[in-house]
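Architecture at a glance
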Amino acid sequence: LRPNLAGLIANARARNTTADVEKAADLYDEVREALAEVDGLRRARNENTAGMKKVAKDKELREQAIAEGKALKGKLAEAEAVLVEKQARLLEEAARIPNDTHPEVPGPGEEPREVAVVGEKKEAGEGAGHVDVALGLDLVDFERATKVAGSKAYFLKNAAAQLEIALINWAMQNVVKRGFTFMTTPDFARESVVAACGFNPRGESSQVYSITGTDLCLVGTAEIPLGGFHAGEILDKAQLPIKLAAFGHCFRMEAGSAGAASRGLYRVHQFSKVEMFVICHPDQSDAIHQEILEIEKEMFESLGLHFKVLDMPVDDLGSPAYRKFDIEAWMPGRGEYGEISSASNCTDFQARRLNIRYREAKGDNRFVHTLNGTACAVPRIIVSILENFREPDGSITIPEPLRPFIGMDSIKPPPQ
């Protein structure tokens, strides 16, 4: 920490984190001092034990050595307790320090940098909002969902329920043909795994649902169980990159989100998502980041969506990401762009906390890099489809790539 203290402080400040880098550096110095004291007392204890044999026949010297040994044992126990306490405080403070930042990332307070624009944009207001469209086509029921599960819940019905399954299968097929191993994952994970992936499982600012009486949380993304899959392992270099993808349910508290922009399916407490996750050699991560982004772009372009790709500024990266690209699709009914995907390079931030390493050479184990990207966040894509592909007769044209998975070309209005 000390050699680059000013840079780490500036980076933490730019990211608007709660990290106190100076405090972490001070705690690191305290841990080193405490460790030196423990090591010194252990040496003295060992010397005392060895000296016992030399004075075994001298009762006075032997009793003196025994008394010294007892005193050393007490001091060592106290010093070890202090060391454990300081190490815990150091780990807690160090865990708040965010990842480094890619030099090309826009600075704090800057707008995201637009790096690509794809597809044709409809005029704002050209399509009705997805809530009105979905209700008119008998695709959702928000009122009964609120009765059952509270706010930000929903029932998908009829063709919308079929569309969800179609989107999952379409996304699964796309990632599998690109070399990803497809998985289903637990919808919950240990707090330690959630925290190691860079999510705050506790506290006022947490968006995570914790399961009372356990150390488990409902996951906000399949990135978390996929990240924990190889935790504590040393991988062979030849295995890298490891490309994983998963379908999972995502649970988010969405505290503080309200208003018209959050209506309907756009911001909800539970949704389905297909997530990509890659474990790779550090030399591969920049190229794989671009690969994940290209997969996302190709998938959404094939649906006929208009979207832009944004290089997100430093104060929007959170703690884990070294660099993050967001994809925002145009939603004419909402009259604005809405995020449908992201792709993040987390370098070794998660790997250090999850202790995932690879064997560079015999006796030389190093931390891997991890990356993640959204192949399909189902409700956001449904919103995009409902708002972009509504025909004059009120029907919804199903994008061509989805038709084999849903078995229809369009969603027709219900009979009057």
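To be clear, the structure that these remarks concern was listed above.
Residues numbered from 1 in each chain as written. Predicted model: local features only at pLDDT ≥ 70, side-chain atom pairs only at ≥ 80, totals over all residues. Heavy atoms only, no water.

**Structural notes on the overall build of the protein chain**
Stated precisely, the cut-off is as follows: What counts as a helix is a DSSP run of H or I of at least four residues, what counts as a strand is a run of E of at least two, and both are numbered from the N terminus. When accessible area is computed with a 1.4 Å probe and restricted to protein chains, residues below 20% of their type maximum are described as buried, those above 50% as exposed, and intermediate ones as partly exposed. By definition in these notes, contact holds between two residues if any of their heavy atoms fall within 4.5 Å. In this description, accessible areas are obtained by the Shrake-Rupley approach with a 1.4 Å probe, and a residue is regarded as covered only by the protein chains that are shown. When charges are counted, neither His nor the chain ends are considered; positive counts come from Lys and Arg and negative counts from Asp and Glu. In plain terms, the charge of a residue is placed at NZ if it is Lys, CZ if Arg, CG if Asp and CD if Glu.
Looking only at helices and strands, the protein chain has twelve helices and 17 strands in total. Seen through its principal axes, the protein chain has C-alpha atoms that stretch 105 × 45 × 40 Å. Counting all 416 residues of the protein chain, 47% fall into the buried class. Sequence-distant contacts, at least 24 apart, represent 71% of the contacts inside the protein chain between residues at least 6 apart. Carbon and sulfur atoms make up 50% of the accessible area of the protein chain, which amounts to about 20600 Å² in all. When the 51 basic and 62 acidic side-chain charges of the protein chain are each reduced to a single mean position, those positions are 6 Å apart.

**Focus: the side chain of arginine 323**
Note that arginine 323 resides in strand 11 (residues 323-331). Here arginine 323 is in contact with His102, Glu104, Val105, His289, Asp311, Leu317, Ala343, Ser344 and Asn345, once residues within four sequence places are set aside.

**A short note on the pairing of strand 10 (residues 307-311)**
Selection criterion: In short, DSSP must find at least two bridges between two strands for them to pair.
In terms of burial, strand 10 is a largely internal element, five of the five residues being buried. Burial along strand 10 is two-sided: the residues Phe307, Val309 and Asp311 and Lys308 and Leu310 are all buried. Pairing of strand 1 (residues 113-118) with strand 10, which is carried by five bridges, proceeds in the antiparallel orientation. Across the sheet, residue valine 117 finds its bridge partner in strand 10, namely lysine 308. Across five bridges, strand 10 lies against strand 11 in antiparallel orientation. Paired with valine 309 across the bridge in strand 11 is isoleucine 327.

**Digging into the pattern of salt bridges**
Spelled out, the test is: Salt bridge, as applied in this entry: a Lys or Arg side-chain nitrogen positioned within 4 Å of an Asp or Glu carboxyl oxygen.
What the rule picks out here adds up to 23 salt bridges. The salt bridge involving glutamate 294 is made with lysine 297; its shortest N-O contact spans 3.2 Å. One end of the pair is glutamate 294 and the other is lysine 297, both in helix 9 (residues 285-302) and three residues apart, which spans about a single turn. By relative accessible area, which is 33% here, glutamate 294 ends up partly exposed. Overlapping salt bridges bring together Lys23, Glu92, Glu93 and Arg96 as one network.

**Brief notes about the nonpolar core**
As a reminder, the rule being used: The set of buried Ala, Val, Leu, Ile, Met, Phe, Trp, Tyr and Cys residues whose side-chain atoms join them within 4.5 Å is what this entry labels a nonpolar core.
Residues Leu139, Leu167 and Ile381 are the most contacted members of the largest nonpolar core, which totals 64 residues. The element best represented in this core is helix 6 (residues 158-176), accounting for nine residues. Setting aside chain neighbours within four positions, we find leucine 167 in contact with Cys376, Val378, Ile381, Ile382 and Leu402. Formed by 24 residues, the second largest nonpolar core is a distinct cluster that contains Val194, Ala196, Ile224 and Leu244.

**Remarks on the sheet that holds strand 14 (residues 364-367)**
Going by this rule: Axes here refer to lines fitted to C-alpha atoms; in helices the fit is confined to the stretch in contact. Angles between the N-to-C directions go from 0 to 180 degrees.
Ordered by their spatial adjacency, three strands build an open sheet running 7-13-14, and the pairing between neighbours is mixed. Among the strands making up the open sheet, the edge pair consists of strand 7 (234-236) and strand 14. Ignoring which end each strand starts from, the neighbouring axes of this sheet average 45 degrees apart. For strand 13 (residues 357-361) and strand 14, the ladder comprises four bridges, and the chain directions are antiparallel. Residue pairing for strand 14: arginine 359 is matched across the bridge by asparagine 365.

**Quick notes on the state of the cysteines**
Rule in force here: Note on disulfides: each one is a pair of cysteine sulfur atoms within 2.5 Å.
This model, assessed by the stated rule, comprises zero disulfides. Unpaired in terms of disulfides, cysteine 217 finds its nearest cysteine sulfur in cysteine 197, a separation of 11 Å. The class for cysteine 217 is buried, based on a relative accessible area of 0%. Among the cysteines around cysteine 280, which has no disulfide bond, cysteine 346 carries the closest sulfur, lying 11 Å off.

**Observations regarding the environment of proline 415**
Mapped onto the elements, proline 415 comes out in the segment after strand 17 (410-411). Residues proline 415 and serine 151, 264 residues apart in the sequence, show an inter-C-alpha distance of 30 Å.

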